[in-house]
Amino acid sequence: MAERRIGIIVNGATGRMGYRQHLVRSLLAIRDQGGVELEGGDRLMPDLLLVGRNEEKLRTIAERHGLKNWTTDVDEALANPDYEVYFDALVTNLRVANLKKAISAGKAIYTEKPTAESFEDALELARLAKEAGVVNGVVHDKLYLPGLLKLRRLIDSGFFGEILSVRGEFGYWVYEGDWQSAQRPSWNYRSEDGGGIVADMFPHWNYVIEELFGRIEDVYAQTATHIGTRWDEQGQEYTATADDAAYGVFRLEGGTVVQMNSSWDVRVHRDELVEFQVDGTKGSAVVGLHGAHIQPREATPKPVWNPDVKDPHNYYDDWIEVPDNAGPDGFDNGFKVQWEDFLRHVAGAEEGSDYPYDFLSGARGVRLAETGLASSAEGRRISLDPLTEV
């Protein structure tokens, strides 16, 4: 068994997502476990080059985790031939320019979503990457989480029969920032900085829906900025210009209807911060990011509507918990598992296979966000053509 090095540029290593999920919980965890095991038994070991704008923060992070290589100059990093993979975790409005540089440098590229602020730019990135022949991938972390893995298992088993509808609820209360600090950065609430819950979450809903249930044929959405005044990280009052809630209806190829509510202004009364209820002719499931419960057709109760009498039936008792069935070590971190998949793909890229969650998939996510905003602004349902090539 041989160890193979792979150089990875981590741009945005000092940010919330770049540091916590991608550096600490993914890449460093992969390093600490002895790398990524490849077919044949070799192990792929990440060698990291951190990039960020704040020299002091970079130095602190590097020293904390025993990393020697870091720089504030992304061009210098991209010019280094020892690092063949570029990862981008910057804020969205800085992403396109850096991804174009990475494409020109011939790097394999993995990036957070959304890939761009506009569908036009996202599609151009997909085209440029294809023309340059560089391996490219976009974070689709939700697909690797336990709840959605269980949902995939249920779909593949035929449990649902014909899937009729999906209802999703996502969100939680994000404090305004005056008497308690906000749990999200202030740029999320400024459209001029690329903020908004549609831009943030619709790219997620796009890949979840199309990978699990089918292609989205049309969109109707209503957005809102429910809370117009917030306070930033310095305690300064500012006007929220971006949407903080969105209510979408997506009709899929084949007829399934998906309703998806997303809000940073909702108090949670459910088991998890996001839940999907999937109803089919043979059974239903309620799935979160970790848990899943099912109710087959044969065990479905027969309710009778009578608003004049309190119903003594406990409907929660009619649902069966889906077991993990994930092996002795359980489920791993979703971000980490996708990193491992992507790095395996890079290691075997000479075989010519395409990474499934590529820039074109990312562009479809940006298109859904852009279309959702247009639907809300224009008050109409908007159709989406298939997008399978650039």
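Residues numbered from 1 in each chain as written. Predicted model: local features only at pLDDT ≥ 70, side-chain atom pairs only at ≥ 80, totals over all residues. Heavy atoms only, no water.

A.B. asks: Quick one: what's the story with the overall build of the chain, residue by residue and with numbers?
C.D. replies: When its secondary structure is counted, the chain shows 9 helices and 18 strands. With the C-alpha coordinates aligned to their principal axes, the bounding extent of the chain is approximately 70 × 55 × 40 Å. Across the 390 residues in the chain, those meeting the buried criterion constitute 52%. Summed over all atoms, the accessible surface of the chain reaches about 18900 Å², with 47% contributed by carbon and sulfur. (Helix = DSSP H or I, 4+ residues; strand = E, 2+ residues; numbered from the N terminus. Buried < 20%, exposed > 50% of the residue type's maximum accessible area, 1.4 Å probe, protein only. Areas by Shrake-Rupley, 256 points an atom, 1.4 Å probe, with all protein chains shown as cover.)

A.B. asks: How would you summarise the packing of aromatic side chains if you had to cite specific residues and measurements?
C.D. replies: The way to describe two aromatic rings as a pair is by their centre distance and the angle between their planes. A complete count under the given rule lists 14 aromatic pairs for this structure. Aromatic side chains phenylalanine 87 and tryptophan 339 sit 5.1 Å apart centroid to centroid with 65 degrees between the ring planes, which places their arrangement in the edge-to-face category. Taken together, the residues phenylalanine 87 in strand 5 (residues 85-88) and tryptophan 339 in helix 8 (residues 334-347) connect sequence positions 252 residues apart. Both residues of the pair, phenylalanine 87 and tryptophan 339, belong to the buried class. When the ring of tyrosine 144 is compared with that of tyrosine 357, the centres are 6.5 Å apart and the planes differ by 85 degrees; the resulting orientation is edge-to-face. Placement of tyrosine 144 in the loop between strand 7 (136-138) and helix 6 (146-157) and of tyrosine 357 in the loop between helix 8 and helix 9 (359-378) is noted, with a sequence separation of 213 residues between them. Comparing tyrosine 144 with tyrosine 357 shows no difference in burial state: the two are buried. Connected via pairs of aromatic rings, a cluster forms that spans Phe87, Tyr110, Tyr144, Trp339, Phe342, Tyr355 and Tyr357. Over the ring of tyrosine 238 we find arginine 190; its NZ or CZ atom is 5.2 Å from the centre of that ring. (Phe/Tyr/Trp six-rings, centres within 6.5 Å; stacked < 30°, edge-to-face > 60°. Lys NZ or Arg CZ within 6 Å of the ring centre and 35° of its normal.)

A.B. asks: Go over a nonpolar patch on the surface with me, naming the residues and quoting the values.
C.D. replies: Residues Tyr220, Val249 and Val257 make up a contiguous nonpolar surface patch of roughly 200 Å² in combined accessible area. Structurally, the position occupied by valine 249 is in strand 12 (residues 245-252). (Patch = residues over 30% accessible without salt bridge, like charges linked within 9 Å, V, L, I, M, F, W, Y side chains within 5 Å. Salt bridge = Lys/Arg side-chain N within 4 Å of Asp/Glu carboxyl O.)

A.B. asks: So what's going on with the pattern of salt bridges? Which residues, and what values?
C.D. replies: Under the criterion given, the structure shown has 27 salt bridges. Lysine 100 is paired through a salt bridge with glutamate 124; the nearest N and O atoms lie 3.2 Å apart. Of this pair, lysine 100 sits in helix 4 (residues 95-104) while glutamate 124 sits in helix 5 (residues 119-132); the two residues are 24 residues apart in sequence, bridging distant segments of the chain. Aspartate 341 is the salt-bridge partner of arginine 344, the closest N and O atoms lying 3.4 Å from each other. With a gap of 3 residues between them, arginine 344 and aspartate 341 both fall in helix 8, about one helical turn apart. Overall, the relative accessible area of 35% leaves arginine 344 in the partly exposed class. Here aspartate 341 falls in the partly exposed class, since its relative accessible area comes to 28%. When salt bridges that share partners are traced, they join Lys100, Glu124, Arg127 and Glu131 into one network.

A.B. asks: Mind laying out helix 4, listing which residues take part and the relevant values?
C.D. replies: Among the residues of helix 4, Arg95, Val96, Asn98, Leu99, Ala102 and Ile103 are the ones counted as buried. Around the axis of helix 4, the buried residues are gathered within 165 degrees of arc, so they sit on the same side. Contacts made by the buried residues of helix 4 are with strand 1 (3-11), helix 3 (74-78), strand 5, strand 6 (108-111), helix 5 and helix 9. Positive backbone phi, approximately 75 degrees, marks glycine 106, located one or two places after helix 4. (Arc of directions from axis to C-beta. Contact = heavy atoms within 4.5 Å.)

A.B. asks: I'd like to hear about the packing of helix 4 against helix 5, residue by residue, with values.
C.D. replies: Contact geometry for helix 4 and helix 5: axes closest at 10 Å, N-to-C directions at 10 degrees. Taken together, the axis directions place helix 4 and helix 5 in an arrangement best described as roughly parallel. In contact with Val96, Leu99, Lys100 and Ile103 of helix 4, helix 5 contributes Asp121, Glu124, Leu125, Leu128, Ala129 and Ala132. Its residues assigned to classes, the contact of helix 4 with helix 5 shows 7 nonpolar, no polar and 3 charged. (Axes fitted to C-alpha atoms, helices over the stretch in contact; angles between N-to-C directions. Parallel < 35°, antiparallel > 145°, perpendicular 65-115°, else oblique. Nonpolar A, V, L, I, M, F, W, Y, C, P; charged D, E, K, R; others polar.)

A.B. asks: Run through the nonpolar core, naming residues and quoting values.
C.D. replies: Judged by nonpolar contacts, the single largest core of 79 residues is most densely connected at Leu50 and Phe250. Val74, Ala77, Val134 and Phe359 belong to the second-largest nonpolar core, a separate cluster that totals 27 residues. (Core = buried A, V, L, I, M, F, W, Y, C linked by side-chain atoms within 4.5 Å.)

A.B. asks: Pulling in residues and values, what's your account of the pairing of strand 16 (residues 292-296)?
C.D. replies: Here is the key point about a regular strand: its side chains alternate between the two faces of the sheet. Strand 16 sits mainly inside the fold: 4 of its 5 residues count as buried. With 5 bridges connecting them, strand 15 (residues 283-287) and strand 16 associate as antiparallel partners. Of the residues in strand 16, the one forming a bridge with valine 286 is histidine 293. Turn length for the strand 15-strand 16 hairpin, with the two strands adjacent in sequence and antiparallel, is 4 residues. As defined by bridge partners, strand 16 adjoins strand 17 (residues 320-321) across 2 bridges and the pair is classed as antiparallel. Opposite isoleucine 294, over in strand 17, you have isoleucine 320 as the bridge partner. (Pairing = 2+ DSSP bridges.)

A.B. asks: Describe the sheet that holds strand 9 (residues 216-224), naming the residues involved and giving the relevant values.
C.D. replies: What the 9 strands build is an open sheet, ordered 17-16-15-14-8-13-12-9-18; its pairing is mixed. For this open sheet the edge positions go to strand 17 and strand 18 (382-383), each flanked by a neighbour on one side alone. The sheet contact formed by strand 14 (residues 274-280) and strand 15 spans 4 bridges and is antiparallel. Bridge assignment links glutamine 277 to a residue of strand 15, and that residue is valine 286. Against the sheet, helix 7 (residues 197-212) engages strand 8 (163-171), strand 9, strand 12, strand 13 (257-263) and strand 14, with an angle of about 25 degrees to strand 12. Packing of helix 9 onto the sheet brings it into contact with strand 9, strand 12 and strand 18, and relative to strand 9 it is tilted by some 60 degrees.

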